[in-house]
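Observations on the three-dimensional arrangement
Residues per chain are reported as follows:
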Amino acid sequence: MTESAEIDSSSQPSQEGKKSSGRGRAFWRRLLQLDDTPESIALGAAIGMFVAWTPTVGIQMVMIIALALVIPMNRIAAFVAIYISNPVTMVPMYYLDYVVGLFLLGREGMGYDEFLDLWNVTVEIANKESYWTATKIFFEQLGLPLLTATFVGGTVIGTLTAVPTYPLTLKW
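What counts, and at which threshold
- Residues numbered from 1 in each chain as written.
- Predicted model: local features only at pLDDT ≥ 70, side-chain atom pairs only at ≥ 80, totals over all residues.
- Heavy atoms only, no water.
- Helix = DSSP H or I, 4+ residues; strand = E, 2+ residues; numbered from the N terminus.
- Buried < 20%, exposed > 50% of the residue type's maximum accessible area, 1.4 Å probe, protein only.
- Contact = heavy atoms within 4.5 Å.
- Areas by Shrake-Rupley, 256 points an atom, 1.4 Å probe, with all protein chains shown as cover.
- Patch = residues over 30% accessible without salt bridge, like charges linked within 9 Å, V, L, I, M, F, W, Y side chains within 5 Å.
- Salt bridge = Lys/Arg side-chain N within 4 Å of Asp/Glu carboxyl O.
- Core = buried A, V, L, I, M, F, W, Y, C linked by side-chain atoms within 4.5 Å.
- Polar contact = N/O pair within 3.5 Å; in protein donor to acceptor, adjacent residues only side chain to side chain.
- pLDDT = per-residue confidence, 0-100.
- Phe/Tyr/Trp six-rings, centres within 6.5 Å; stacked < 30°, edge-to-face > 60°.

**Points about the overall build of the chain**
Within the chain, the regular secondary structure consists of eight helices and zero strands. Written out in order from the N terminus, the α and β elements of the chain read α-α-α-α-α-α-α-α. Put simply, the chain has 172 residues, and 33% of those count as buried. Pairs at least 24 apart in sequence give 68% of the contacts found in the chain among residues at least 6 apart. Carbon and sulfur atoms make up 65% of the accessible area of the chain, which amounts to about 11100 Å² in all.

**What to know about a nonpolar patch on the surface**
A cluster of nonpolar side chains, I59, V62 and W132, forms an exposed patch at the surface whose accessible area comes to about 310 Å². Within the fold, I59 resides in the loop between α3 (38-53) and α4 (60-70).

**Focus: the nonpolar core**
Soluble globular proteins: nonpolar side chains tend toward being buried together. By size, the foremost hydrophobic cluster in this structure holds 19 residues, and its most contacted members are Y98, M110, F115 and L142. For this core, the secondary-structure elements that each account for two or more residues are α3, α6 (90-105), α7 (112-128) and α8 (131-171). Beyond its immediate stretch of four places on either side in the chain, M110 contacts Y95, Y98, F115, L118, L142 and L146. If you look at the next biggest cluster of nonpolar residues, it comprises nine residues, including I47, A52, A78 and I82.

**Points about helix α5 (residues 75-82)**
Within the span of α5, buried status applies to A77, A78, F79, A81 and I82. Where α5 is buried, its residues contact α3 and α4. A distance of 3.0 Å separates the backbone nitrogen of I76 from a side-chain oxygen at the start of α5, and that oxygen is part of N74.

**Focus: the confidence of the model for the chain**
Per-residue confidence for the chain averages 82 on the pLDDT scale, and 80% of its residues sit at or above 70. Segment residues 1-11 is flagged for pLDDT under 50; beyond a separation of four residues in sequence, or across chains, it makes one contact in the model.

**Overview of the packing of aromatic side chains**
According to the stated counting rule, one finds five aromatic pairs in the structure shown. On the basis of an interplanar angle of 80° and a centroid distance of 6.1 Å, the ring pair of Y94 and W119 is categorised as edge-to-face. Here Y94, found in helix α6, pairs with W119, found in helix α7; they are 25 residues apart in sequence, far enough to count as distant. Look at Y94 and you get buried, because its relative accessible area is 3%. Grouping aromatic residues by their ring pairs yields a cluster made of Y95, Y98, Y112 and F115.

In C-alpha cells, the structure reads:
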C-alpha cells in the first residue's frame, strides 16, 4: 500500500463516525424541519395565527395543546405562529383587536395613549405582584364591554390572518 492510499483511507471517517454523524444530522433535521404532512403543518400555522390574535396571552400554548387534542395539526407550527404576539408586538396587536372590536360593535373607547398607559400600569403590577394578578387588573380596568370588543376584534383579525396562512404555508 502506498503512502497516498494510507492518507486517503485515514482521512475517511470510520463506519462508527458515519453512524453518529447520521444520528446528529437526523436530530438537527427533526429540530429544524417539521416532520409532518404539509396539510398538518399548514393547519397548525393557521390555528396558531388565529390564537396569536386573541387576547389570551399566558394561555396561548395551553390553548394550542388543547386544540391539538381534537384537531389533527402540527403543534410546533402552531407554537411558532403564536409567537407573533410577543412583548414587542403585544400592545399594538391587542390595541388593533380592541379598535376593530369597537368598530364592529359600534362603540367608542380609549385612544392608543390611554390604552398604553393602562398596559404600562399592568406591567408595573406584574413586576411587583404576579403576571396573573396584573392580567386580572388589566381586564378589570378594560371592563366587560371593552374586553368584549377586544375578543370580537381578535376573533375577526385572527380569522382574517389564519385563512390565508393555510394556503401560504402549503405553498411555502
